[in-house]
Amino acid sequence: MPCLRMSVNRLREGMMIKEDVFSKTGAVIVPDGAVVTKDVVALLTRHFVDSVMVEYPTGRKERPEQQEQSAPAKEQHLKEFQTEFSVAEQSISEELKDIVYRSKDVNISMLLEPLNGLLKKADDDTDLADMLLHMKKQQSGLYAHTINVALFGQLLARWSGCTEAEMEEVMAAGLLHDIGFLELWKDGQEQTEFLQEYETERYEKHVVSGYNLIKKMNIDQRIKQAVLTHHERVNGSGFPLQVMGDNINWISRILAVADTYDALTMRQGDKAGISAFEVIKKMEDEGYNRLDANYLMTFLKRIAETMIQRNVILNDGRMGRVVMINKYKLSCPLVQVGDTFVDLAKQSRYYIQEILEE
């Protein structure tokens, strides 16, 4: 099993120390072969030890027959999620069109029902985030984006400690946040690849159009505000009101993170969206002065953690596996390539070019 030198603050319980660790006086404080525990980390910290040699597992050991059984199971799991996603997409598109074109009132419970089916198909938060990323290869357009923003927003709300009721508000606002596009498309020229609207002069109008559609409806005022202000930015560079910081609705600040992430990863026509680590880097470089820093940090950290143990291709063509996330530079994880390790935070000429399907 390969070994590497690791900072004490990056040790995880269960790792194995692979050389004797000495105190400043020469006494062995942790012997070779010791398993890392909280007490071991505390002991190393008290003795001002910066780093130790550890054995790092190459991955889960499975018999070939177990791997053959697990692949079809994963494929079936994804297929069921894809089917449920298509059902949800059709249902939500019809519901939104009824609201815009037939003046139907918003029924939050009915609007959220298709998402409940999707949530039941996911094993946990990590599985949900992973499958939504898988869906990028099959789904694009306004309604897929609407579902993604609602579900990524719900995940961020949960990770931020929101209540179940607050998470439902975030999901509802996510489903309604771009409804203004349908008002702008009443001429029948609905865009399949709605992100093309980013290039048009009328793009900024969709938030006001959406708000005007629902402002008199019997739904929570915070949801209405989120539809209007999800493109506001904490530094005042957003639209339509140029409000700043905490003056922006908290749901809007959550949706701004989810909306930005999904737009960057979304396929446009024959062109695939950029990979998750590229998006994380872009949002690390450009997002902290525009998006809510606490929500952004929470979201990027949890998304990055879903990539642990994923196979990737580096920009020099080598294939490896993500084994550890660098919390100080989330876009630059530690990647195992064969029996060696590439620390992308230190070897900046390398980066993850592609995340491979399982």
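Structure first, text after, so check above.
Residues numbered from 1 in each chain as written. Predicted model: local features only at pLDDT ≥ 70, side-chain atom pairs only at ≥ 80, totals over all residues. Heavy atoms only, no water.

(A) Structural context of the overall build of the chain. Per the secondary structure count, the chain includes 12 helices and 10 strands. Classification of the 358 residues of the chain by burial places 50% in the buried group. In the chain, 63% of the contacts between residues at least 6 apart in sequence involve partners at least 24 apart. Within the structure as shown, the chain displays about 17600 Å² of accessible surface, and the carbon and sulfur contribution to it stands at 48%. (Helix = DSSP H or I, 4+ residues; strand = E, 2+ residues; numbered from the N terminus. Buried < 20%, exposed > 50% of the residue type's maximum accessible area, 1.4 Å probe, protein only. Contact = heavy atoms within 4.5 Å. Areas by Shrake-Rupley, 256 points an atom, 1.4 Å probe, with all protein chains shown as cover.)

(B) Here's a closer look at the pattern of salt bridges. This model, assessed by the stated rule, comprises 14 salt bridges. Across the pair Glu 169 and Arg 222 runs a salt bridge whose closest N-O atoms are separated by 2.8 Å. Separated by 53 residues along the polypeptide, Glu 169 in helix H6 (residues 164-176) and Arg 222 in helix H9 (residues 221-229) bring together distant segments of the chain. Residue classification places Arg 222 among the partly exposed positions, given a relative accessible area of 32%. Measuring nitrogen to oxygen at the nearest pair gives 2.6 Å for the salt bridge that ties Glu 305 to Lys 301. Of this pair, Glu 305 and Lys 301 both sit in helix H12 (residues 293-305), separated by 4 residues, roughly a single helical turn. Connected via shared salt-bridge partners are Asp 125, Arg 158 and Glu 164. (Salt bridge = Lys/Arg side-chain N within 4 Å of Asp/Glu carboxyl O.)

(C) Fine view of the sheet that holds strand S8 (residues 334-337). In space, the 5 strands of this open sheet follow the order S9-S8-S7-S6-S10, with antiparallel pairing throughout. Looking at strand neighbours, the two that pair on one side only are strand S9 (340-343) and strand S10 (352-355), the edges of this open sheet. Averaged over all pairs of adjacent strands, the angle between strand axes in this sheet comes to 40°, irrespective of strand direction. Where strand S6 (residues 311-314) lies against strand S7 (residues 319-324), 3 bridges are found, and the strand directions are antiparallel. Opposite Ile 313, over in S7, you have Met 319 as the bridge partner. Against the sheet, helix H11 (residues 276-286) contacts S7 and S10, and its axis sits at roughly 130° relative to S10. (Pairing = 2+ DSSP bridges. Axes fitted to C-alpha atoms, helices over the stretch in contact; angles between N-to-C directions.)

(D) Broad picture of the nonpolar core. If you look at the biggest cluster of nonpolar residues, it comprises 89 residues, and the most contacted ones within it are Leu 96, Leu 115, Phe 152, Leu 176, Tyr 261, Phe 299 and Ile 352. No other element matches the 12 residues that helix H5 (residues 142-159) contributes to this core. Apart from residues lying up to four places away in sequence, Leu 176 is in contact with Leu 96, Ile 99, Val 106, Leu 111, Ile 219, Ile 223 and Val 227. Leu 4, Val 30, Val 36 and Phe 341 belong to the second largest nonpolar core, which has 20 residues in total. (Core = buried A, V, L, I, M, F, W, Y, C linked by side-chain atoms within 4.5 Å.)

(E) Focus on the packing of aromatic side chains. Considering all chains together, one arrives at 5 aromatic pairs under this definition. When the ring of Phe 152 is compared with that of Phe 299, the centres are 6.0 Å apart and the planes differ by 85°; the resulting orientation is edge-to-face. Of this pair, Phe 152 sits in helix H5 while Phe 299 sits in helix H12, and the two are 147 residues apart along the sequence. Here Phe 152 and Phe 299 have matching classes, each one buried. Here the guanidinium or amino end of Arg 318 rests over the ring plane of Tyr 350, the centre of that ring lying 4.9 Å away. (Phe/Tyr/Trp six-rings, centres within 6.5 Å; stacked < 30°, edge-to-face > 60°. Lys NZ or Arg CZ within 6 Å of the ring centre and 35° of its normal.)

(F) Just the environment of Ile 325, in detail. Tracing the backbone shows Ile 325 in the loop between S7 and S8. You can call Ile 325 buried: its relative accessible area is 12%. Beyond its immediate stretch of four places on either side in the chain, Ile 325 contacts Phe 277, Ala 304, Glu 305, Ile 308, Leu 330 and Pro 333.

(G) A look at unusual backbone geometry. The omega torsion of the bond from Phe 239 to Pro 240 falls at 10°, within 30 degrees of zero and hence cis. Looking at where Pro 240 falls in the secondary structure, it is placed in the loop between H9 and helix H10 (250-265). For Gln 242, which is not glycine, the phi torsion reads 55° and is therefore positive. Structurally, the position occupied by Gln 242 is in the loop between H9 and H10. Looking at Gln 242, the relative accessible area reads 44%, which means it is partly exposed.

(H) A look at H5. Compared with the 26 Å implied by 1.5 Å per residue over 18 residues, the 25 Å span of H5 between its first and last C-alpha is a close match. Summarising burial for H5: 17 of the 18 residues are buried, a large majority. Gly 161 lies just past H5 and shows a positive phi near 85°. (Expected span 1.5 Å × (residues − 1).)

(I) Local environment of the packing of helix H4 (residues 125-134) against H5. Between H4 and H5, the shortest axis-to-axis distance is 11 Å and the interhelical angle comes to 155°. Relative to H5, H4 is oriented roughly antiparallel. Viewed along their axes, H4 and H5 form a crossing whose handedness is left-handed. Contacts between H4 and H5 involve Asp 125, Leu 128, Ala 129 and Leu 132 on the former and, on the latter, Asn 148, Leu 151, Phe 152, Gln 154, Leu 155, Arg 158 and Trp 159. Of the residues contributing to the contact of H4 with H5, the split by class is 7 nonpolar, 2 polar and 2 charged. (Parallel < 35°, antiparallel > 145°, perpendicular 65-115°, else oblique. Left-handed = near helix turned anticlockwise from the far one by under 90°. Nonpolar A, V, L, I, M, F, W, Y, C, P; charged D, E, K, R; others polar.)

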